[in-house]
Amino acid sequence: MEENPSLESEAWGSSRGWLAPREARGGPSLSSVLNELPSAATLRYRGPGALPWGVPEEEEGEAGGRSRKAFTEVTETEPQDPHPSRELPWPMQARRAHSKEKTKEGLRSLQPWSWTLKRIGGQFGAGTESYFSLLRFLLLLNVLASVLMACMILLPTWLGGAPPGPPGSNTSSPCGSYNPHSQGLVTFATQLFNLLSGEGYLEWSPLFYGFYPPRPRLAVTYLCWAFAVGLICLLLILHRSVSGLKQTLLAESGDLTSYSHRVFSAWDFGLCGDVHVRLRQRIILYELQVELEETVVRRQAAVRTLGQEARVWLVRVLLNLLVIALLGGAFYGIYWATESTVELQETSLVQELPLLKLVVNYLPSIFIAGVNFVLPPVFKLIAPLEGYTRSRQIVFILLRTVFLRLASLVVLLFSLWKQITCGGDSEAKDCKTCGYNYKELPCWETVLGQEMYKLLLFDLLTALAVALLIQFPRKLLCGLCPGALGRLAGTQEFQVPDEVLGLIYAQTVVWVGSFFCPLLPLLNTVKFLLLFYLKKLTLFSTCSPAARTFRASMANFFFPLVLLLGLAISSVPLLYSIFLIPPSKLCGPFREQSSIWAQIPESISSLPETTQSFLFFLGTQAFAVPLLLISSILMAYTVARANSYGRLISELKRQRETEAQNKVFLARRAVALISSKPAL
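Residues numbered from 1 in each chain as written. Predicted model: local features only at pLDDT ≥ 70, side-chain atom pairs only at ≥ 80, totals over all residues. Heavy atoms only, no water.

To continue, consider the overall build of the protein. Tallying secondary structure elements over the protein gives 24 helices and 0 strands in all. In the protein, buried positions account for 38% of the 680 residues. Taking all contacts inside the protein whose residues are at least 6 apart in sequence as the whole, residues at least 24 apart take part in 75%. As displayed, the protein has an accessible area near 38700 Å², and 66% of this comes from carbon and sulfur atoms. (Helix = DSSP H or I, 4+ residues; strand = E, 2+ residues; numbered from the N terminus. Buried < 20%, exposed > 50% of the residue type's maximum accessible area, 1.4 Å probe, protein only. Contact = heavy atoms within 4.5 Å. Areas by Shrake-Rupley, 256 points an atom, 1.4 Å probe, with all protein chains shown as cover.)

As structure tokens, this is what we get:
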């Protein structure tokens with residue numbers, strides 16, 4: 001009757017007694033058995049002096065010291081194998097994985113602002129960190145574009161000799177004359193106006209398309225640079241999107257959204273220092289906060305009645321109609337501002353006042369910045385009324401804001417296209433001679449580049465004005481006015497959706513205008529550098545951690561996806577200009593061609609006959625059809641392989657559930673047998 005506890009103790013050991021040496025016990029001790037387990041090999045990751053798995057953590061003080069001393073005596077008195085498993089050489093696969101991980105860590109440490117991003121993520125959440133990570137990624141894209149521009153455009157231009165000046169007013173051409181240089185003495189106000197608008201001395205400079213001479217090789221490298229930049233940006237964004245998609249799918253699956261994963265598997269045991277530990281604790285805290293918030297919203301949605309569900313959907317429909325009305329009004333205002341700019345510039349009052357002329361010149365940019373400043377906060381107020389989770393609210397705010405920003409840019413481009421091509425009517429009076437409106441826009445590529453230049457410059461000035469005139473004074477007001485009023489006026493949160501969409505909008509402007517303003521990526525690099533430090537200063541000086549955060553996995557996938565949408569939208573006007581609109585006859589490297597793309601077949605015709613045959617073969621059906629078939633076969637194989645892997649994963653999950661049920665059943669049987677022994 002009383003032998004069972006002792007037998008059970010001998011069989012299983014106790015949490016305290018196995019640490020003490022027992023001479024009478026035969027066979028290997030429990031500690032030696034635990035040392036031979038495969039899990040004990042992880043000691044080499046934890047370093048020397050770590051206890052093996054199975055040793056409970058003792059309380060600090062004398063009890064902990066006695067426990068470690070007893071364990072040391074046990075391990076010294078027991079016979080040791082000459083080569084314990086944890087000291088054996090690593091398998092080759094483990095070595096490769098370890099070296100690969102070390103290489104990744106080394107590359108991550110070389111990235112700029114890595115410590116700043118960790119600090120931001122720990123103090124303000126993963127959503128705010130994703131903004132600065134995206135800013136760093138866009139900075140990399142602009143640096144690559146600037147380097148390619150210097151190697152493929154600027155260097156060949158200066159190596160081919162000094163570029164010629166503008167054609168001048170005496171040039172006889174059926175497409176009129178073009179002389180961007182100002183005549184006579186230029187005042188300081190005019191110089192400032194030229195700097196802000198891209199006219200005057202900047203109009204015929206390496207900043208814009210019209211400056212570059214009509215040299216065949218330069219024209220080819222100019223066009224190849226545009227395609228190379230687009231291809232590199234596409235590949236890098238796709239790579240970032242795929243890596244973010246993996247994290248999103250992993251985080252949204254049922255395996256990793258549980259709280260047990262956050263609590264038991266999210267800690268990094270390689271952290272050193274109290275600062276890193278506190279930052280990691282805050283990150284885990286924000287992740288748990290997001291999980292709890294979304295769980296509450298899902299539970300509320302699950303218990304809604306049919307009438308409550310109908311009322312929620314009615315509210316959503318009405319709010320979306322309101323959003324459509326606001327967007328329609330904003331687009332009409334941008335279209336009116338662009339159409340009225342040319343007419344207002346011709347009035348005598350505008351010509352006499354340089355400041356008014358500058359305002360009229362910036363009228364489309366002002367309208368675009370105004371709607372982008374007013375409507376996103378309205379979208380933010382509307383989103384919580386729709387009854388979605390926090391992550392879903394962020395998605396809707398981002399979708400509406402990105403549609404506003406990118407569609408406003410599309411409206412501006414449509415207005416410019418209407419001015420350049422006379423509304424698409426090639427038989428119109430002003431466009432019949434040269435294929436474009438040469439009277440109002442003698443160098444339409446430079447005019448388009450100037451519009452993108454003004455949008456970029458105005459966006460930077462707006463960011464500086466908001467920080468210096470709104471955010472910092474609000475923080476000062478919080479310090480000068482104690483009490484509830486001061487806290488209400490000075491409490492600010494970093495608005496991640498608005499800021500991220502601002503970055504994507506600015507980068508889309510650069511992609512649209514880089515062909516017509518080659519130095520625009522370089523200017524955007526400087527702008528993003530200033531913006532990073534300005535936003536960092538604003539964040540740590542004036543902003544408090546967000547009361548409600550959202551998933552980092554959503555940011556890692558959704559933001560590059562919106563950036564990919566911006567790249568796709570920017571490629572449409574660029575490709576249309578290259579293939580369909582005739583180039584200006586008085587400026588630019590393609591001034592002697594019927595279209596910008598016509599330079600490529602003309603350059604190919606000067607190559608050897610074998611090379612010509614190969615290049616023309618790439619554009620025939622004999623190459624396209626087999627390529628399509630091979631791509632279809634590879635796609636079908638990839639889909640079939642993914643499906644087989646999915647079925648295998650489902651089968652393994654079912655086996656895991658079955659094994660868990662078996663263990664529960666066996667544990668219950670063991671308990672039943674032990675409890676029935678005394679009765680026997």
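Having seen it, we continue.
With that settled, the discussion passes to the confidence of the model for the protein. Mean pLDDT over the protein stands at 75; residues scoring 70 or higher make up 74%. At the low end of the mean pLDDT range in the protein sits helix H1 (residues 4–12), at 40; at the high end sits helix H20 (residues 520–542), at 91. Here residues 1–30 is a poorly scored stretch, pLDDT under 50, and it has 25 contacts once near neighbours within four places are set aside; other chains count. A low-confidence stretch, residues 74–88 (pLDDT under 50), is modelled with 20 contacts involving residues beyond four sequence positions or located in other chains. (pLDDT = per-residue confidence, 0-100.)

Our next topic: a nonpolar patch on the surface. Taken together, the side chains of Phe373, Val374, Leu461, Leu464, Leu468, Leu469 and Ile470 present a nonpolar region at the surface, about 660 Å² in accessible area. Mapped onto the nonpolar patch, the elements with two or more residues apiece are helix H15 (363–382) and helix H17 (444–480). Tallying contributions element by element places H17 first for the nonpolar patch, with 5 residues. Position of Ile470 relative to the elements: it lies in helix H17. (Patch = residues over 30% accessible without salt bridge, like charges linked within 9 Å, V, L, I, M, F, W, Y side chains within 5 Å. Salt bridge = Lys/Arg side-chain N within 4 Å of Asp/Glu carboxyl O.)

In the structure shown here, the tally under the stated rule is 2 disulfides. Each sulfur of the disulfide joining Cys422 and Cys431 lies 1.9 Å from the other. Looking down the S-S bond of the Cys422 and Cys431 bridge, the torsion is 80°, so its handedness is right-handed. On the basis of relative accessibility, which here comes to 22%, the residue Cys422 falls in the partly exposed class. Its relative accessible area of 1% is what places Cys431 among the buried residues. At a sulfur-sulfur separation of 1.9 Å, the disulfide partner of Cys443 is Cys587. Because the sign of the S-S torsion sets the handedness, a value of about 95° for the bond joining Cys443 and Cys587 places this disulfide among the right-handed ones. Residue Cys443 is found in the loop between helix H16 (390–420) and H17, and its partner Cys587 is found in the loop between helix H21 (552–579) and helix H22 (599–604); the two are separated by 144 residues along the sequence. (Disulfide = S-S within 2.5 Å.)

Below, the discussion takes up the packing of aromatic side chains. Within the structure shown, the criterion is met by 28 aromatic pairs. When the ring of Trp113 is compared with that of Tyr533, the centres are 5.9 Å apart and the planes differ by 90°; the resulting orientation is edge-to-face. You can see Trp113 sitting in the loop between helix H5 (92–110) and helix H6 (114–124) and its partner Tyr533 sitting in helix H20, a full 420 residues away along the chain. The structure contains a cluster of three or more aromatic residues connected by ring pairs, namely Trp158, Tyr209, Phe211, Tyr212, Tyr222, Trp225, Trp444, Phe515, Phe516 and Phe590. The aromatic ring of Trp313 is capped on one face by Arg316, whose charged end is 4.7 Å from the ring centroid. (Phe/Tyr/Trp six-rings, centres within 6.5 Å; stacked < 30°, edge-to-face > 60°. Lys NZ or Arg CZ within 6 Å of the ring centre and 35° of its normal.)

UniProt records the feature "transmembrane region" (unreviewed entry) at residues 137–159, 219–238, 313–338, 358–382, 394–417, 557–581 and 614–640, using the numbering of this structure. Across residues 219–238, the secondary structure splits into 100% helix and 0% strand, with the terminal C-alpha atoms separated by 29 Å. (UniProt positions renumbered as here; feature names shortened; annotations may be inferred.)

Time to look at the pattern of salt bridges. Side chains that differ in sign of charge can pair as their charged atoms come close. Counting across every chain of the model gives 5 salt bridges. The partner of Arg400 in a salt bridge is Glu386, with the nearest N and O atoms 2.8 Å apart. Here Arg400, found in helix H16, pairs with Glu386, found in the loop between H15 and H16; they are 14 residues apart in sequence, far enough to count as distant. Comparing Arg400 with Glu386, the two get one shared label, buried. Of the charged contacts in the structure, one is a salt bridge between Glu651 and Arg654, with a shortest N-O distance of 2.5 Å. Here Glu651 pairs with Arg654, and both are found in helix H24 (residues 621–676), just 3 residues apart, close to one helical turn. The exposure class assigned to Arg654 is partly exposed, which follows from its relative accessible area of 46%.

Okay, the packing of helix H7 (residues 126–159) against helix H19 (residues 496–513) next. With their axes 9 Å apart at the nearest point, H7 and H19 run at an angle of 10° to one another. Comparing their axes, H19 and H7 come out roughly parallel. When H7 is examined against H19, the residues Gly127, Thr128, Ser130, Tyr131, Leu134, Leu135, Leu138, Leu141 and Asn142 are found in contact with a partner set consisting of Val496, Glu499, Val500, Leu503, Ile504, Gln507, Val510 and Trp511. Residue composition of the contact of H7 with H19, grouped by class: 11 nonpolar, 5 polar and 1 charged. (Axes fitted to C-alpha atoms, helices over the stretch in contact; angles between N-to-C directions. Parallel < 35°, antiparallel > 145°, perpendicular 65-115°, else oblique. Nonpolar A, V, L, I, M, F, W, Y, C, P; charged D, E, K, R; others polar.)

Once that is clear, we can look at the nonpolar core. Ranked by internal contacts, the top residues of the largest apolar core, which has 112 residues, are Leu134, Leu409, Met452 and Phe515. When residues of this core are assigned to their parent elements, the largest contribution, 13 residues, is made by H16. In contact with Phe515, other than residues within four places in its own chain, are Tyr209, Tyr222, Leu223, Trp225, Ala226, Leu574, Ile578, Phe590 and Ile596. (Core = buried A, V, L, I, M, F, W, Y, C linked by side-chain atoms within 4.5 Å.)

A few words on the environment of Arg217. Within the element layout of this structure, Arg217 appears in helix H9 (residues 216–252). Each C-alpha atom of the pair Arg217 and Gly160 lies 9.7 Å from the other, and the pair is 57 residues apart in sequence.

Our next topic: the side chain of Glu203. Within the element layout of this structure, Glu203 appears in the loop between helix H8 (188–197) and H9. A polar side-chain atom of Glu203 sits 2.8 Å from a polar atom in the side chain of Tyr178. Excluding residues that lie within four positions of it along the chain, Glu203 makes contacts with Tyr178, Pro180, Gly198, Phe208, Thr446 and Gln450. (Polar contact = N/O pair within 3.5 Å; in protein donor to acceptor, adjacent residues only side chain to side chain.)

Turning next to H8. Considered for burial, the residues of H8 that qualify are Phe193, Asn194, Leu196 and Ser197. Seen along its axis, H8 keeps its buried residues to an arc of 170°; they face one direction. Following H8 by one or two positions, Gly198 adopts a phi angle in the positive range, close to 80°. (Arc of directions from axis to C-beta.)

Let's shift gears to the environment of Leu531. Mapped onto the fold, Leu531 is located in helix H20. Residues Leu531 and Ala463, spaced 68 residues apart in sequence, show a C-alpha to C-alpha distance of 7.9 Å.

So, about the packing of H15 against H16. Where H15 contacts H16, the two axes come as close as 9 Å, and the packing angle between them is 165°. By the angle between their axes, H15 is roughly antiparallel relative to H16. Of the two possible hands of crossing, H15 and H16 adopt the one that is right-handed. Across from Pro364, Ile368, Val371, Asn372, Leu375, Pro376, Phe379, Lys380 and Ile382 in H15, the residues of H16 making contact are Ile397, Arg400, Thr401, Leu404, Arg405, Ser408 and Leu412. Its residues assigned to classes, the contact of H15 with H16 shows 10 nonpolar, 3 polar and 3 charged. (Left-handed = near helix turned anticlockwise from the far one by under 90°.)

Moving on to the environment of Gly200. One can find Gly200 in the loop between H8 and H9. Along the primary structure Gly200 and His181 are separated by 19 residues, whereas in three dimensions their C-alpha atoms are 5.4 Å apart.

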